[in-house]
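Structural characterization, general
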Amino acid sequence: MRLGDLEFWLLTDGTFGLDGGAMFGVIPRPMWERVAPPDERNRIRLSMNSLLIHTAGKWILVETGAGDKWDAKSEEIYAFSGERLPDKLSARGTPPDVIDIVVNTHLHFDHCGWNTRRAGDAIVPTFSNAQYIVQRGELDHARRPTERDRASYIADNFLPIEKSGQWMLLEGDREIVPGVELIRAPGHNADMQCVRLSGGGKTAFFFADLVPTAAHLGYPWIMGYDLYPLTTLENKKKWIPLAARERWLVLFGHEPKTPAGYLHEEKGKFVLEPIKLDG
Ligand SMILES: [Zn+2]
C-alpha cells in the first residue's frame, strides 16, 4: 500500500490463541462466539500483525510478534502457528539486518518477541542494526509489572536491547520520520502507542491493542486484559470516529481475517469495509 512516498506492507508473525472470555471482557460469550468461534479450550485465533514501512530511505518495522524463545508447554498453551516474521522479511528481500527502526507499541510478549533471538546460549537483538523505539514508561513498567500483568512480559524480549544500547525511549507522541507518528494511547496499559502513517494526502492508523480486532470496534468490546478499561473507552471514542470521518485506512493489531479497511457509521455503530493488502 502506498501513501505518497511512503510505502507499507502488512506482515504477520503467524497466529496464536488466547482465551475468548479474556479477549472480550464484559461481553457475554453468546455474543462474541458468533464473531470469534472458540476452540475446545475456549481459545480464539488471533494473528500478530506487523507493518513494514519504507520511507525517507528507511526501513521501519512496527511490532515483532511472539518470537521463538518458547518452551514446549507455552507453545502448546498459545498454539503458535504459521510462518514466522524473520523468514517472511528475508523472503521479500528485507532481512532483519536491513531494518533501521523497530517500533514496539508496547512490550507484551506478542508484540516484541522477535526483538531478540537465541544465539547459542546468548539472547541477542534480532535486528542488529536497528534503533528500537518504545515509550519510556512502558519499558519501566515491563521491568516491574504487577501481579495482574506479569504473565504478559518476558525480560528476554527487552533487557538485551538495553544491554546493546539500541533503545530509543519516548515520552509522549513523536513523529519519528516524516509521515510516521507514534501516538500514546493508554488504556490497554499506561503507555501503549498507536502508529499513524501519512503521505500523499492519505492516512493509515494502526490501532495495536486499542482495537485489536474488527470485533472490538463496538465501544464496550474491550479486552479483559486492559489495565484501564475506561481509558480504553475514551481513546476508542476519540480515534474510531476520527478514522471513520477522515477515511483513514485502519489496521488492527490482532485481526486474522480482515486486518485492514475503512470505517463508516451505520445506525450509530462503526462498521468495517475490509480491503485486501498484499503481504
Ligand atoms: Zn497484543
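Residues numbered from 1 in each chain as written. Predicted model: local features only at pLDDT ≥ 70, side-chain atom pairs only at ≥ 80, totals over all residues. Heavy atoms only, no water.

Within the first shell, the zinc ion binds the protein through Asp 110 (OD), His 111 (NE2), Asp 209 (OD) and His 254 (NE2), at distances of 2.0 to 2.4 Å. Taken together, the four donor atoms coordinating the zinc ion and their angles of 83 to 161° define a geometry best described as irregular. When the donor residues of the zinc ion are listed from N- to C-terminus, their spacing reads D-H-x97-D-x44-H. Of this pair, Asp 110 sits in helix α5 (residues 109-112) while His 254 sits in the loop between β14 (249-251) and β15 (260-266), and the two are 144 residues apart along the sequence. As far as the burial class goes, Asp 110 and His 254 line up, both buried. (Donors = N, O, S within 2.8 Å, 3.2 Å for Na, K, Ca; no water. Tetrahedral: all angles 85-135°; square planar, octahedral: opposite > 155°, others 65-115°. Helix = DSSP H or I, 4+ residues; strand = E, 2+ residues; numbered from the N terminus. Buried < 20%, exposed > 50% of the residue type's maximum accessible area, 1.4 Å probe, protein only.)

Attention shifts here to the environment of Ile 60. Structurally, Ile 60 can be placed in strand β4 (residues 58-62). A sequence separation of 29 residues divides Ile 60 from Met 31, and the C-alpha atoms of the two residues are 38 Å apart.

All right, on to the nonpolar core then. Residues Phe 8, Leu 51, Ile 53, Val 180, Leu 197 and Phe 207 are the most contacted members of the largest nonpolar core, which totals 46 residues. Considering every element that reaches this core, the biggest residue donor is helix α8 (residues 229-245), with five residues. If we ignore the near neighbours within four places in the chain, the residues touching Leu 197 are Leu 3, Leu 6, Phe 8, Leu 51, Ile 53, Gly 179, Val 180, Lys 202, Thr 203 and Ala 204. Membership of the second largest hydrophobic core comes to 22 residues, among which are Trp 59, Phe 127, Leu 139 and Phe 158. (Core = buried A, V, L, I, M, F, W, Y, C linked by side-chain atoms within 4.5 Å. Contact = heavy atoms within 4.5 Å.)

Our focus in this paragraph is the sheet that holds strand β2 (residues 6-19). Spatial strand order, β1-β2-β3-β4-β5-β8-β9: seven strands in an open sheet with mixed pairing. Of all strands in the sheet, those with a lone pairing partner are β1 (2-3) and β9 (167-170), marking the two edges. Judged from the three bridges that link them, β4 and strand β5 (residues 101-103) form a sheet pairing that is parallel. Residue pairing in the sheet places Leu 61 in a bridge with Val 102 of β5. Strands in contact with helix α6 (residues 136-143) are β8 (131-135) and β9; relative to β8, the strand with the most contacts, it is inclined by about 85°. (Pairing = 2+ DSSP bridges. Axes fitted to C-alpha atoms, helices over the stretch in contact; angles between N-to-C directions.)

Across the five residues of strand β13 (residues 202-206), four count as buried, placing the element largely inside the fold. In the sheet, strand β12 (residues 193-199) pairs with β13 via five bridges, with the strands oriented antiparallel. Directly across from Leu 197, in β13, lies its bridge partner Ala 204. Between β12 and β13, which pair antiparallel one after the other, the connecting turn spans two residues, and Gly 200 there sits at a positive phi close to 55°. In this view, the connection linking β13 to its parallel neighbour β14 by way of α8 has right-handed handedness. (Right-handed = clockwise from strand over helix to strand, strands pointing away.)

We now examine the sheet that holds strand β11 (residues 180-184). Pairing is mixed across the open sheet formed by seven strands, whose spatial order is β10-β11-β12-β13-β14-β15-β16. What marks the edges here is a single partner per strand, and that holds for β10 (174-177) and β16 (269-274). Within this sheet the neighbouring strands show an average axis-to-axis angle of 30°, counted without direction. Note that β11 and β12 share five bridges and pair antiparallel. Within β12, the residue paired with Arg 184 across the bridge is Gln 193.

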